[in-house]
Amino acid sequence: AFGLVGNPFESWLAMRGLASLGVRSARANATALDLARRLEDHPAVDAVHYPGLDSHPDHARAATLLRGGFGTIATIDLGSRERVDRFIGGLSLIPFAPSLGDASTTLSHPATTSHRNQTPEQWARQGITPGLVRLSFGLEHPDDLWADMLRALEELMGA
């Protein structure tokens, strides 16, 4: 009635992971907020969408509802697909991944992955642009992630 039953080893791994879930979530949430703020201030980034930012239209509601943090996913808009490709190509620490949610930071490009079969009209209703990058923050030190992103962003500014 509820789907597949995990085998004993996978079940044990899930139970083991639950023991540190709170610590891992807190770290990833803090990293996401820290880096969303840094990205918001960078001139190569057109927009940052993260409910933990004061500039987010739903920040007040998020602050009331999301008491454990504002989540581990932020999106940035770099303005064009060409700039996204150059940004992703300039990263060495953050891999491109078709799905999100790992202990390691990953990113995706919704226009060519999760939303690739939608029309431009559907994208517009969802706020998706060709320049949108989705970042799923993990457990790495925020300064290491920032150094990687900053290098890629500075390359965008130089070209």
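Since the model is a prediction, treat every value here as computed from it, not as a measurement.

Focus: the overall build of the protein chain
Scanning the protein chain from N- to C-terminus turns up six helices and four strands. For the protein chain, the sequential pattern of α-helices and β-strands runs α-α-β-α-β-α-β-α-β-α. Counting across all 159 residues of the protein chain, residues that qualify as buried make up 36%. For the protein chain, restricting intrachain contacts to residue pairs at least 6 apart in sequence, the fraction spanning at least 24 positions comes to 67%.

Brief notes about the sheet that holds strand β4 (residues 132-136)
In space, the four strands of this open sheet follow the order β1-β2-β4-β3, with antiparallel pairing throughout. Each having just a single partner strand, β1 (47-49) and β3 (106-108) make up the two edges of the open sheet. Strand-to-strand, the axes of this sheet are offset by a mean angle of 25 degrees, without reference to chain direction. Summarising the sheet, β3 and β4 pair through three bridges and their orientation is antiparallel. Opposite Ser108, over in β4, you have Arg134 as the bridge partner.

What to know about the side chain of Ser136
By the element assignment, Ser136 lies in strand β4. For Ser136, a relative accessible area of 2% puts it in the buried group. Setting aside its immediate chain neighbours within four residues, Ser136 contacts Thr72, Ile73, Leu100, Gly101, Ser104, Thr105 and Thr106.

Quick look at the nonpolar core
Leu39, Tyr50, Ile76, Leu78, Phe87, Met149 and Leu153 are the most contacted members of the largest nonpolar core, which totals 29 residues. Here this core takes six residues from helix α6 (residues 142-158), the largest share from any one element. Each residue touching Leu153, except ones within four places of it in the same chain, is listed here: Leu39, His42, Ala44, Val45, Leu78, Phe87 and Trp146.

Observations regarding the environment of Ser55
The residue Ser55 is located in the loop between β1 and α3 (59-65) in this model. Between the alpha carbons of Ser55 and Glu40 there is a distance of 9.3 Å; along the sequence they are 15 residues apart. Reaching out from Ser55, the side chain makes a polar contact with the side chain of Glu40 at a distance of 2.4 Å.

Section: the packing of aromatic side chains
Inspection of every chain in the model, using the stated rule, returns two aromatic pairs. When the centroid spacing of 6.5 Å and the interplanar angle of 70 degrees are considered together, the rings of Tyr50 and Phe70 count as edge-to-face. Here Tyr50, found in the loop between β1 and α3, pairs with Phe70, found in the loop between α3 and β2 (73-77); they are 20 residues apart in sequence, far enough to count as distant.

Looking at the pairing of β4
Within β4, five of the five residues are buried, which leaves the element mostly enclosed by the surrounding structure. Burial along β4 is two-sided: the face carrying Leu132, Arg134 and Ser136 and the face carrying Val133 and Leu135 are both buried. Pairing of β2 with β4 involves five bridges; the strand directions are antiparallel. Paired with Ile73 across the bridge in β4 is Ser136.

Side note on α6
Here α6 contains 17 residues, and its C-alpha end-to-end distance of 24 Å stays within 8% of the 24 Å for a straight helix at 1.5 Å per residue. The inward-facing, buried residues of α6 abut α2 (21-40), α4 (81-89) and β4.

Rules used throughout
- Residue positions within a chain follow its written sequence, with the count starting from 1.
- Given that the model is predicted, a residue must reach a pLDDT of at least 70 before its local features are reported, and side-chain atom pairs must reach 80 or more before they are shown or counted; all residues, however, enter totals for whole chains, interfaces and linings.
- Excluded from the side-chain calculations are hydrogens and water; all other atoms, namely the structure's heavy atoms, are used.
- Helix and strand labels come from DSSP, where a helix needs a run of H or I of at least four residues and a strand needs a run of E of at least two; each type is numbered from the N terminus.
- Partly exposed residues are those whose accessible area sits between 20% and 50% of the maximum for their type, while under 20% is buried and over 50% is exposed, using a 1.4 Å probe and protein chains only.
- Residues are treated as being in contact if the distance between any of their heavy atoms lies within 4.5 Å.
- By the convention used here, strands pair only if DSSP detects at least 2 bridges between them.
- Here the axes come from fitting lines to C-alpha atoms, over the contacting stretch only for helices, and the angles between their N-to-C directions go from 0 to 180 degrees.
- Each nonpolar core is a collection of buried residues, namely Ala, Val, Leu, Ile, Met, Phe, Trp, Tyr and Cys, held together in the definition by side-chain atoms within 4.5 Å.
- Polar contact criterion, stated in full: a pair of N or O atoms within 3.5 Å, where within protein one must be able to donate a hydrogen and the other to accept it, and residues adjacent in sequence count only if both atoms are side-chain atoms.
- Aromatic pairing here means that ring centres of Phe, Tyr or Trp (its six-membered ring) are within 6.5 Å. Orientation follows from the plane angle: under 30 degrees is stacked, over 60 is edge-to-face, and everything else is tilted.
- Expected helix span is computed as 1.5 Å times (number of residues minus one).

By themselves, these are just geometric observations and shouldn't be taken as functional.
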